[in-house]
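Chain by chain, the residues run as shown.
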Amino acid sequence: MQQSSKSRTEHAVVIAGGGPAGLMLAGELALAGIDVAIVERRPNQDITGSRAGGLHARTIEVFDQRGIAGRFLAEGQKAQAIGFAGVTLSISDFPTRHPYSLGLWQNHIERILAGWVAELAVPVYRGREVTDFTQDESGVDVELSGGEVLRAQYLVGCDGGRSVIRKTAGIAFPGSDPTTSNLIAEAELSETPPQWGIRRDALGIHSIGRVDYEIRDGEIVYADEGPVRILVTERQVGHVTEPTLDDLRSALVAVYGTDYGIHSPASISRFTDAARQAEVYRKGRVLLAGDAAHIHAPDGGQGLQTGMQDAVNLGWKLAQVIKGASPESLLDTYHAERHPVGARVLRNTMAAVALRCEDDRTKALRDTMAELLGMDAPRKTFAAMISGLSIHYDCGEGHPLLGRRMPDLDLIAASGPLRVFSLLHYARPVLLNLGEPGAFVITPWADRVKVIDAEYTGSWTLPVLGEVTPPTAVLIRPDGYVAWVGGGVQSGLTDALTTWFGS
């Protein structure tokens, strides 16, 4: 979308950053009928460099809730890829339609998301960056590098770990400095390594593998030719310049004894294990999501997942406030719910980094962890945490379902069979009545909450917790989490509806 110099255009929400979190948030707001626009510095959706390599179960479920999971499943490869401390943690026995991870590089994830957002007619200001902004009681004036000024009711920073939005808003970013540094690159090799895959030593973790691969019987089978992706731990931490091909060659020689004739790099970048989290996720009319709100080591592949789930938690809440259905205080629940999730990710990635080393004591500790994770209960606990399936928001005391993801049950309704997730395709809340048809009357919320009478005769099983008492009704938020559970009476429903969906 092109605007003339010094023009001033209004949108309800401006999102700085068109990566996974920004795209997901734009889609959520567009589904709710909100005028949202993205400002993205890249001229197109192409990514320079190697980034995230897949999706975990809860993220796939989120896509399923919006009816777009099939787009990703058609291009990715299913695998048991959850891991901690070098131990693979299978979720094949978890109660979900997607008991696996999906191998799919981030450039494809973004391309598919961008296609979905384009279908929802979200304008994108490409080749521009947010350079400054000022907020007042009614909105935010957002200045772009191209000279435009956008006026928005809310500005959301999805602009990465060096977030201009976070810094300009004056939001503190406390945490720990890096203890290890890695180079990651995509390039060509003149010599074929004797072995592909991961290697550990006293310095850290390293990996060389073809960009193209297949997963056969749970094993990675690399292509016979083509570019490679390289991960190598550097000997020193604290580099301030951009990495070069010579840096990459030196790091390879230090670890492998050779650089394998590396040449023609498509990308070379550096990442560390710095762990930082925004002190607050909201300051007035400015909010943060994704890497702008939290950075950490990539161990466990949790960064992209956490950012997109930030967006899904925020989207419907922001839409309701903009529409006037809910008070602005609803936005406070975004920080209250997502900040602890981010903190938990920082904690487990810091622990994973500490277990990378190959000295005798660390190896003994890692072996001990492997023994523990070989037991059923610890395996389920850690796998559910890393996959996002055990996220629990504080929605009050009561039934175990409260604050947890709603299972994707196979229901029978008057119109025929249906899945729970199909009811969430348009990001609207649902009151699912599994008892006497017509038992719940919520006339004041009829324009906001969809009521479905249905039957379900199977068991209710949650990750880690196992089987729980079947409810007769549940109130499901647009993000797929349960806000109220009924046991045959309407007690507490009015309060839950008011809390989450306005008076």
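Now for a quick tour of the structure. (Residues numbered from 1 in each chain as written. Predicted model: local features only at pLDDT ≥ 70, side-chain atom pairs only at ≥ 80, totals over all residues. Heavy atoms only, no water.)

### Section: the overall build of the chain
Keep this limit in mind: Here a strand is any run of E in DSSP of at least two residues, a helix any run of H or I of at least four, and the numbering for each starts at the N terminus. Only C-alpha atoms enter the radius of gyration, while the globule expectation follows 2.2 Å times N to the 0.38, with N the number of residues. When accessible area is computed with a 1.4 Å probe and restricted to protein chains, residues below 20% of their type maximum are described as buried, those above 50% as exposed, and intermediate ones as partly exposed. Contacts are residue-level and defined by heavy atoms, with any inter-residue pair within 4.5 Å sufficient. Methods summary: accessible areas were calculated by the Shrake-Rupley approach with a probe of 1.4 Å, and residue burial reflects only the protein chains presented. In summary, the charge assignment counts Lys and Arg as positive and Asp and Glu as negative, without counting His or the chain termini. The atom standing in for a charge is NZ when the residue is Lys, CZ when it is Arg, CG when it is Asp and CD when it is Glu.
Each helix and strand counted, the chain has eleven helices and 31 strands in total. Here the C-alpha radius of gyration of the chain, 23 Å, is about what a compact globule of 503 residues would show, namely 23 Å. Here the C-alpha coordinates of the chain stretch approximately 70 × 60 × 40 Å along the principal axes. Within the span of the chain, comprising 503 residues, buried residues form 54% of the whole. Considering only contacts within the chain whose residues lie at least 6 apart along the sequence, 69% involve residues at least 24 apart. Only carbon and sulfur atoms are counted for the fraction: they give 50% of the accessible area of the chain, which is about 21400 Å². Across the chain, 47 positive and 60 negative side-chain charges occur, with their mean positions spaced 2 Å apart.

### Things to note about the packing of helix α1 (residues 20–31) against helix α7 (residues 303–323)
To be explicit about the condition: Every axis in this analysis is a line fitted to C-alpha atoms, fitted for helices over the stretch in contact. Angles between the N-to-C directions lie between 0 and 180 degrees. Roughly parallel covers angles under 35 degrees, roughly antiparallel covers those over 145, roughly perpendicular covers 65 to 115, and oblique covers all other angles. For a crossing to be left-handed, the near helix must be turned anticlockwise from the far one by less than a right angle; the clockwise case is right-handed. Note on residue classes: Ala, Val, Leu, Ile, Met, Phe, Trp, Tyr, Cys and Pro are nonpolar, Asp, Glu, Lys and Arg are charged, and everything else, Gly too, is polar.
Contact geometry for α1 and α7: axes closest at 8 Å, N-to-C directions at 25°. On the basis of their axis angle, the class for α1 and α7 is roughly parallel. At the point where α1 passes α7, the crossing takes the right-handed sense. On α7, the residues touching Pro-20, Ala-21, Met-24, Leu-25, Glu-28 and Leu-29 of α1 are Leu-304, Gly-307, Met-308, Ala-311, Val-312, Leu-314, Gly-315, Leu-318 and Ala-319. Per-class residue counts for the contact of α1 with α7 are twelve nonpolar, two polar and one charged.

### As for the nonpolar core
Just so we agree on the cut-off: Buried Ala, Val, Leu, Ile, Met, Phe, Trp, Tyr and Cys residues that are joined via side-chain atoms within 4.5 Å together make up what is termed a nonpolar core.
One finds Val-13, Ile-15, Phe-72, Leu-318, Leu-432 and Leu-475 to be the most contacted residues of the largest nonpolar core, which totals 115 residues. Considering every element that reaches this core, the biggest residue donor is α7, with ten residues. Ignoring sequence-local partners within four residues, the contact set of Leu-475 consists of Val-430, Leu-431, Val-449, Tyr-481, Val-482, Ala-483, Trp-484, Leu-493, Ala-496, Leu-497 and Phe-501. In this structure, Ile-91, Leu-355, Ala-383 and Ile-386 belong to the second largest nonpolar core, which totals 17 residues.

### Side note on the sheet that holds strand β20 (residues 275–277)
Just so we agree on the cut-off: Strands are labelled as partners when DSSP assigns at least two bridges between them.
Taken in spatial order, the three strands line up as β12-β20-β23 in an open sheet, and their pairing is antiparallel. The open sheet has two edge strands with one neighbour each: β12 (175–176) and β23 (294–295). Bridge analysis of β20 against β23 gives two bridges, and the strand direction is antiparallel. What sits directly across from Gln-277, in β23, is His-294. Running over the sheet, helix α8 (residues 332–354) touches β12, β20 and β23 and is turned about 175° from β20.

### Notes on α7
Put simply, the rule is: A helix is expected to span 1.5 Å for every residue after the first. To obtain the bend at a residue, axes are fitted to the seven residues ending there and to the seven starting there, and the angle between these axes is taken.
Taking 1.5 Å per residue, 21 residues should reach 30 Å; α7 reaches 31 Å between its end C-alpha atoms and fits that length. Along α7, the helix axis deviates most sharply at Leu-314, where the bend reaches about 25°. A positive backbone phi angle near 85° is found at Gly-324, which sits one or two residues after α7.

### Here's the deal with the environment of Val-142
Topologically, Val-142 is positioned in strand β10 (residues 140–144). C-alpha of Val-142 to C-alpha of Pro-340: the two residues are 198 residues apart in sequence and 29 Å apart in space. Excluding its chain neighbours within four sequence positions, the residues that come into contact with Val-142 are Val-130, Asp-132, Phe-133, Glu-148, Val-149, Leu-150 and Leu-155.

### With respect to the pattern of salt bridges
How we decide: One side-chain nitrogen of Lys or Arg within 4 Å of one carboxyl oxygen of Asp or Glu is enough to make a salt bridge.
Summed over the entire model, instances satisfying the criterion amount to 30 salt bridges. Of the charged contacts in the structure, one is a salt bridge between Arg-128 and Glu-148, with a shortest N-O distance of 2.6 Å. In this pair, Arg-128 is assigned in the loop between β8 (124–126) and β9 (130–135) and Glu-148 in the loop between β10 and β11 (149–157), connecting sequence segments 20 residues apart. When sorted by exposure, Arg-128 lands in the same class as Glu-148, which is buried. Between Arg-477 and Asp-479 there is a salt bridge; the shortest N-O distance is 2.8 Å. Owing to a relative accessible area of 1%, Asp-479 belongs among the buried residues under this scheme.

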